[in-house]
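Spelled out, the chains give:
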Number of protein chains: 2
Amino acid sequence: MGSAARELGKAGLSVTLIDRCNHHLFQPLLYQVATAALSATDIAEPIRKILWRLPSVQVLLADVVDLDLASSSVILREGGAIHYDNLVIATGATHGYFGHQEWASYAPGLKTLVDARSIREQILLAFERAERVLETAEQERLMTFAIVGGGPTGVELSGSIAELARFTLARDFRNIRPSAAKIMLIEAGPRLLPAFSPRASNFAETRLRRLGVDVELNTAVQDIGPDWLLIGDRHVKVGSTFWAAGVAASPVARLLGTEIDKVGRVFVENDLKVRGFDNVFALGDVANFAGSDGKPLPGLAQVAKQQGRHLGRSLARHLRQGEPLEPFRYRGRGNTAIVGRHAAVFEQGRFRLIGWPAWFAWAIIHVYLLVGFQHRMQVSLQWLWRYLTYERGARLISHELHEPKSFNDN
Amino acid sequence: MGSAARELGKAGLSVTLIDRCNHHLFQPLLYQVATAALSATDIAEPIRKILWRLPSVQVLLADVVDLDLASSSVILREGGAIHYDNLVIATGATHGYFGHQEWASYAPGLKTLVDARSIREQILLAFERAERVLETAEQERLMTFAIVGGGPTGVELSGSIAELARFTLARDFRNIRPSAAKIMLIEAGPRLLPAFSPRASNFAETRLRRLGVDVELNTAVQDIGPDWLLIGDRHVKVGSTFWAAGVAASPVARLLGTEIDKVGRVFVENDLKVRGFDNVFALGDVANFAGSDGKPLPGLAQVAKQQGRHLGRSLARHLRQGEPLEPFRYRGRGNTAIVGRHAAVFEQGRFRLIGWPAWFAWAIIHVYLLVGFQHRMQVSLQWLWRYLTYERGARLISHELHEPKSFNDN
């Protein structure tokens with residue numbers, strides 16, 4: 001969304017960017033915030049800071065609750081409506097619980113900074129509670145972490161929690177051994193990382209098992225409760241459950257009243273125009289864009305970013321010079337999943353990199369993809385330092401216990 | 001508190017450290033977190049990380065709700081009681097509203113990381129709302145910030161908000177001019193920084209006025225509402241009010257049932273033993289310790305830290321070798337207040353440093369007082385970078401608007 005706005009703004013076109021967050025988030029490192037390796041500010045940049053040089057771009061921190069297509073306007077929860085000549089919807093995705101919305105409160109997912117901080121606090125508080133509690137069974141329950149879904153997020157989260165328990169927190173406690181924590185990664189399908197090759201799946205499974213993660217394949221979660229999981233016919237006591245199994249497009253797409261696919265995305269033409277509309281576009285996780293193989297493009301940050309830049313440029317030329325909109329073509333930059341410290345899998349078409357070299361390539365590329373020079377410099381330094389020391393500086397629980405004031409109340 | 005536990009732990013004595021927070025906070029830089037110049041993790045260190053090398057020290061994240069003096073035990077809200085042979089109370093201070101507890105929700109103070117983050121979000125959201133609102137009067141109200149109390153915290157907070165508005169955010173918005181924000185610093189007494197010399201007070205006042213802060217002296221706040229202040233007989237519309245006027249000792253001190261002073265501190269002997277007790281000690285902001293001039297020592301981090309280290313050592317020798325407890329003597333390391341970018345006042349007895357040299361000395365000393373090498377390195381780099389660029393990386397609003405999930409609910 002930032003990319004489209006920037007390109008349009010560069011062409012001097014008048015843009016209003018409406019976002020519920022005041023920051024642009026670097027999603028691929030979110031699991032590191034959730035597991036206390038990085039701070040929120042390391043992976044987020046204020047949107048205004050990215051766009052302030054473009055005088056024709058206005059940023060509004062607001063929540064879209066409705067679209068009035070008849071009058072071409074966007075209705076804000078805060079009151080007021082914003083008229084548009086052209087509308088770009090790039091509101092991303094949220095967690096999808098396959099119709100079990102009641103699971104959401106027991107098995108939070110990882111999409112936003114709030115998610116990441118709340119997962120971090122849940123993990124750290126589980127160990128703090130286990131240290132206080134004296135019954136062994138309850139200590140074991142608190143130190144059982146279930147991650148549902150064996151895609152990249154599930155693999156990264158379980159590997160990172162395992163390292164937190166085995167290395168970072170190992171000697172911090174007196175009544176418990178954090179390294180005895182049980183980390184379960186539950187995948188309904190026959191292998192981890194289904195979007196990768198079987199070799200990559202095997203590698204991830206082997207590495208995670210070596211880190212002490214219980215990888216459970218062909219295992220469907222039947223039900224989720226506050227402190228238990230029903231897996232097949234087993235009833236398992238858990239301390240925390242995290243959701244990495246499904247996504248659903250942001251509900252804003254549905255406001256168009258047009259056809260959506262089974263994860264809630266609207267269908268877009270090859271120029272990113274929403275099917276059946278003249279001046280409404282969609283991109284990223286809310287858009288079902290048919291790739292060269294006929295299948296919809298995957299929900300990756302690189303897809304959204306390329307689409308945003310393409311649409312911004314193409315639309316600017318269309319509006320300025322009357323040129324026709326150009327078709328978007330996705331240039332896959334490969335898929336990566338991180339499997340614990342210094343191990344990863346990377347695949348682009350037939351090219352594969354597995355193990356330490358993949359991790360190293362990923363680290364270099366991702367640090368340099370982060371927005372802003374300061375972040376690059378700092379994140380590099382932090383990584384280097386933490387890589388050498390196993391230290392996690394972001395290991396803070398920000399609320400005091402029983403703090404009466406809610407964090408969200410201002 | 002960490003200091004006392006560390007000294008006792010070094011002597012191999014068995015220590016249970018009970019804290020509501022899992023981190024040690026570097027208070028003097030808290031206002032920088034509140035004004036988005038530093039991240040929470042920059043000024044906080046996990047307590048377990050500080051103490052993990054001492055096997056006889058156990059840390060419990062828990063909240064003390066009562067003391068059972070008859071059975072020598074501390075009652076935890078989470079359930080259970082901890083028996084003690086010797087009890088050290090170092091629970092610090094909270095905001096004091098001079099009997100007007102109803103002001104607390106309208107005029108938050110700055111003592112914890114939660115406070116700092118919540119003040120930061122309130123400041124940033126005020127500008128975001130003003131950008132969205134179209135009525136000039138409402139924009140002016142939202143961009144009016146009142147700070148009550150002209151001590152070091154009030155001076156630092158008002159100077160830092162002024163800089164945020166005048167420099168960092170200056171060009172980020174389209175409908176408002178952040179540099180037109182009105183920042184009021186309200187002090188009941190005749191001068192700012194009453195604990196310093198009149199020359200320092202004058203310097204602070206001049207500098208703040210130059211930054212555009214409205215300094216109102218001899219002005220008592222009569223009443224505080226959600227969006228207004230009653231000052232003398234003036235009714236002023238404000239967007240945000242922050243409290244820097246008074247502190248009160250933590251309520252844990254009152255659980256001893258012994259005499260307390262007017263801010264709720266217990267009186268301690270010169271060996272830090274609470275008057276009338278044999279095995280209960282108090283230090284820092286909960287202890288009224290008569291200084292060499294007969295007046296109680298001020299509520300400064302350096303007082304608490306020196307007392308903690310002294311008590312830990314003295315008590316260890318007492319318990320190990322049967323030596324008598326030694327009297328504590330405070331070595332004042334001087335008082336500092338920061339007045340905006342690169343200006344400060346520093347006073348130790350008759351020695352005074354005012355302006356840029358004081359700021360420079362302060363910056364060097366404080367960065368190196370921060371716990372942990374990594375933080376030193378990073379905070380130095382961040383400061384250098386931000387000093388050169390006026391950038392504030394921590395300018396994030398972490399909650400999404402209308403996020404249904406509370407930050408504190410795990």
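Residues numbered from 1 in each chain as written. Chains lettered and ligands numbered in written order. Predicted model: local features only at pLDDT ≥ 70, side-chain atom pairs only at ≥ 80, totals over all residues.

On to the packing of helix α1 (residues 2–10) of chain B against helix α8 (residues 301–321) of chain B. All names here are of chain B. α8 packs onto α1 with a crossing angle of 25° between their chain directions and a minimal axis gap of 7 Å. The pairing of α1 with α8 is recorded here as roughly parallel in orientation. Between α1 and α8 lies a crossing whose hand is right-handed. Contact residues: α1 offers Ser3, Ala4, Ala5, Arg6, Glu7 and Leu8, while α8 offers Lys305, Gly308, Arg309, Leu311, Gly312, Arg313, Leu315 and Ala316. (Axes fitted to C-alpha atoms, helices over the stretch in contact; angles between N-to-C directions. Helix = DSSP H or I, 4+ residues; strand = E, 2+ residues; numbered from the N terminus. Parallel < 35°, antiparallel > 145°, perpendicular 65-115°, else oblique. Left-handed = near helix turned anticlockwise from the far one by under 90°. Contact = placed C-beta atoms within 7 Å.)

This part takes up the environment of Leu192 of chain B. Residue and element names in this part refer to chain B. Position of Leu192 among the secondary structure elements: in the loop between β11 (182–186) and α7 (198–210). Take Leu192: there are 28 C-beta atoms within 10 Å of it, and that puts it in the buried class. In this structure the C-alpha to C-alpha distance between Leu192 and Lys305, which are 113 residues apart in sequence, comes to 26 Å. Residues in contact with Leu192, not counting those within four places in the same chain, are Gly150, Val155, Glu187, Ser201, Ala204, Glu205 and Val215. (Buried ≥ 20, exposed ≤ 12 C-beta atoms within 10 Å, placed from the backbone.)

Quick look at the sheet that holds strand β15 (residues 234–237) of chain B now. Residue and element names in this part refer to chain B. Taken in spatial order, the three strands make up an open sheet running β13-β14-β15, and their pairing is antiparallel. Every interior strand has two partners, whereas the edge strands, β13 (221–224) and β15, have only one. Going from strand to strand, the sheet's axes swing by 25° on average, the running direction of each strand aside. Where strand β14 (residues 228–231) lies against β15, four bridges are found, and the strand directions are antiparallel. Bridging across to β15, Ile231 finds its partner in Arg234. (Pairing = 2+ DSSP bridges.)

With that settled, the discussion passes to the confidence of the model for chain A. Residue and element names in this part refer to chain A. Mean pLDDT over chain A: 87, with 89% of residues reaching 70 or higher. Per-residue pLDDT, averaged within each element of chain A, yields its smallest value for helix α10 (residues 373–389) (56) and its largest for strand β10 (residues 144–148) (98). Overall, residues 399–410 carries pLDDT values under 50, and its contacts beyond four positions in sequence, including any with other chains, amount to 34 contacts. Overall fold confidence (pTM) sits at 0.84, and the ipTM for the predicted complex is 0.80. (pLDDT = per-residue confidence, 0-100.)

All right, on to the domain arrangement of chain A then. Segmentation of chain A into domains returns domain 1 (2–20 + 62–95 + 247–321) and domain 2 (101–245). Computed over C-alpha atoms, the centres of domain 1 of chain A and domain 2 of chain A are 34 Å apart. (Domains from an automatic or database assignment.)

All right, on to the pairing of strand β21 (residues 335–338) of chain B then. Residues and elements named next belong to chain B. Sheet analysis places β21 next to strand β22 (residues 344–348), joined by four bridges and oriented antiparallel. Across the sheet, Thr336 pairs through a bridge with Phe346, a residue of β22. Between β21 and β22, which follow one another and run antiparallel, lie five residues, and Gly340 among them has a positive phi close to 75°.

Residue and element names in this part refer to chain A. Unusually for a residue other than glycine, Phe98 sits at a positive phi of about 50°. Taking the C-beta count within 10 Å as the criterion, Phe98 has 10 such neighbours and is therefore assigned exposed. Positive phi, normally seen in glycine, also occurs at Leu272, with a value near 75°. One can find Leu272 in the loop between β18 (266–267) and β19 (280–282). Owing to 26 C-beta atoms within 10 Å, Leu272 belongs among the buried residues under this scheme.

Below, the discussion takes up the sheet that holds strand β10 (residues 144–148) of chain B. Residues and elements named next belong to chain B. In space, the four strands of this open sheet follow the order β12-β11-β10-β16, with parallel pairing throughout. A strand with exactly one partner marks an edge of an open sheet, and here the two such strands are β12 (213–216) and β16 (240–243). Averaged over all adjacent pairs, the angle separating strand axes in this sheet is 20°, with direction ignored. Across five bridges, the pairing between β10 and β11 is parallel. Bridge pairing in β11 links Phe145 to Ile183.

Turning our eyes to something else, we now look at the pairing of strand β1 (residues 15–19) of chain A. All names here are of chain A. Burial along β1 is one-sided: the face carrying Val15, Leu17 and Asp19 is buried and the face carrying Thr16 and Ile18 is not. When β1 meets strand β4 (residues 57–61), the two strands line up parallel, connected through five bridges. The partner of Val15 across the bridge, within β4, is Val57.

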